[in-house]
Amino acid sequence: MASVAATVFQCQELAATIFQCFDPGPLRDADFTTDRLHRRTNQLTLANAARVSRSWTDPALDVLWRVVDDVTSLLSLLPSFVNILDAYVFTHDPTIDEWEHFQQYARRVRELHFLPPPKARDSNSAENEITIAKRISPSVWTILSRRCGREGICPHLTYLSLLLTPSNPGQIVLISPTLRHLHISFGEYLDLTHTVALGSLLSCLLPVFASLESLRLGHKAPLDFYSEPTASFLVDRPHSDWLPALQSFTLLDDMITLAPSVLQTLASFNLRELNIGIEVFDVEENPSHTPGAFLPVLRKLTVRGPSGPTSRFVEYAAGSDLESLALIFDDVSFPSETMLLEDFARAARCLTQSARRFTAKFVSQVVDRLSPAFDINSIVFPLFPASNLTDISLRFIRMYTALHGETLQNITNAWPQLSKLHIEEEIIVHDGFNDLDLQDILNMVTRLPALRRLTLPYLNIDELPSLETLQLLNHNLATLRISTLPNRGYKEYLELALLLDRAFPDLDLCTAAMERNVDNAWNEVERILLPLQIGRRAASRT
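Conventions adopted
Residues numbered from 1 in each chain as written. Predicted model: local features only at pLDDT ≥ 70, side-chain atom pairs only at ≥ 80, totals over all residues. Heavy atoms only, no water. Helix = DSSP H or I, 4+ residues; strand = E, 2+ residues; numbered from the N terminus. Expected span 1.5 Å × (residues − 1). Buried < 20%, exposed > 50% of the residue type's maximum accessible area, 1.4 Å probe, protein only. Polar contact = N/O pair within 3.5 Å; in protein donor to acceptor, adjacent residues only side chain to side chain. Contact = heavy atoms within 4.5 Å. Axes fitted to C-alpha atoms, helices over the stretch in contact; angles between N-to-C directions. Parallel < 35°, antiparallel > 145°, perpendicular 65-115°, else oblique. Left-handed = near helix turned anticlockwise from the far one by under 90°. Nonpolar A, V, L, I, M, F, W, Y, C, P; charged D, E, K, R; others polar.

A. Here's a closer look at helix H19 (residues 490-503). A rise of 1.5 Å per residue sets the reference length of H19, with its 14 residues, at 20 Å; its end C-alpha atoms lie 20 Å apart and thus fit the reference within 8%. Of the positions making up H19, those classed as buried are Tyr-493, Leu-496, Ala-497, Leu-499, Leu-500, Asp-501 and Ala-503.

Shown next as structure tokens:
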């Protein structure tokens, strides 16, 4: 039997197929803590497999190095790349042998991130992405440019997430002609001089842009800096010539005026995904316009800005085949609540049976403690006709909300295939709690067997059901978050944790106590729940 297995693995194609089952995948897709643990386990498995046999080395390393989360991890393969006084530098130019050894790994990379996403970094670190990026000396990119030539450091790269600073654009050596997906974050505020330099820099990349399928542009600079919009660079060019293959376009942080010329620019793309911010929608009403006609293959739309221009653009752009819609209203104020709800309903009515995901974020600039709570039922009501939704996310920033058991019942009746429900209220002080209790949650999840993620703004725990009468749901809910709990003692939190452990035995709590504020009451419940679930799972394996 061992000889047969050895013979099978001598075949490179079969070995590659088997190792593909251990593909860690991109970190951005590892939503759950258990996903990140499995990803790390797969990486260790592939690294060990590469050392077993020469016939295993190449297929295992191909999968292991396909995605690199941090550019410094890749450059560390060069012995002369070191950290001196908290700065990354080369002590000498890489030799020919060192560069050939480096290329044995670099040519396997298909996806490269300049920095790992925030969830992979130390959450207690005060350093932001710009500070971390500036640790890499500009001389590093100069030295690399002498070696890599026109094909870039990774000659087969297809996805690149880049943090680019106009004062130090050397990171451009990471760009490869084989790129299909490019995400550029600008790491400094852009004044007029920088914008001109940026335009020249991006113009040099036109040959690369010709094959791009997705492009994301955004800023990492502090919001209080004046930022010359990067949108002007995109609007002033014949896009059908220099971005002929583009299917996904995201313009983060910039707010643009949607004039007819901008709509014409967007129409020149064959976009399936669009993410933009709109300050003004400067297009005259046209009764004969067919919604979605100028973006006929659009499937995913994200729009940010004041509620009026945002909803008007959604009406204009959303076609009958739209699958995902995200709205971010940044001008919420209670004196205009009626107008806000009208704008929201106008956009929500554009969803059809093809819609699967809906996200809305309402941002108030101040907390008005005298204003009435925002009724969540009035938000979900316009969404009911889109009966095939499986993912609904509602976030309220600096706003009081009203969520009742009746609203959860309405949600359950409207979307029986729901897999994610996220209703979050982010507010510093909560004066009171509504009548939403644990029994309301249990009644809802019982009728939603596909539900995997649930977040609610608050929970009344003054009248909890007894553990003896609680039925064993054995539900597959993976994540449960409550934004705000009443300030109670350990006894009440323990009682709630025992009930949750019985109802939801498969919650993902591996790093629950570390990832959230230790002063949060819900975190205290999770700290109690975590050892309960770990102990029960360990007992079931013995």
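B. Highlighting the side chain of Thr-310. Residue position: Thr-310 is located in helix H14 (residues 307-317). With a relative accessible area of 0%, Thr-310 lands in the buried category. Reaching out from Thr-310, the side chain makes a polar contact with the backbone oxygen of Gly-305 at a distance of 3.4 Å. Within the structure, Thr-310 has its side chain in polar contact with the backbone oxygen of Pro-306 (distance 2.8 Å). When sequence neighbours within four positions are dropped, the list of residues in contact with Thr-310 reads Val-303, Arg-304, Gly-305, Leu-327 and Phe-329.

C. Just the packing of helix H2 (residues 12-20) against helix H4 (residues 54-64), in detail. Relative orientation of the contacting elements H2 and H4 amounts to 40°, with a least axis distance of 9 Å. The orientation of H2 with respect to H4, classified from their angle, is oblique. The handedness of the crossing between H2 and H4 is right-handed. Where H2 abuts H4, its residues Gln-12, Ala-15, Ala-16, Phe-19 and Gln-20 lie against Ser-55, Trp-56, Asp-58, Pro-59, Ala-60 and Val-63. Among the residues making up the contact of H2 with H4, the classes are represented as seven nonpolar, three polar and one charged.

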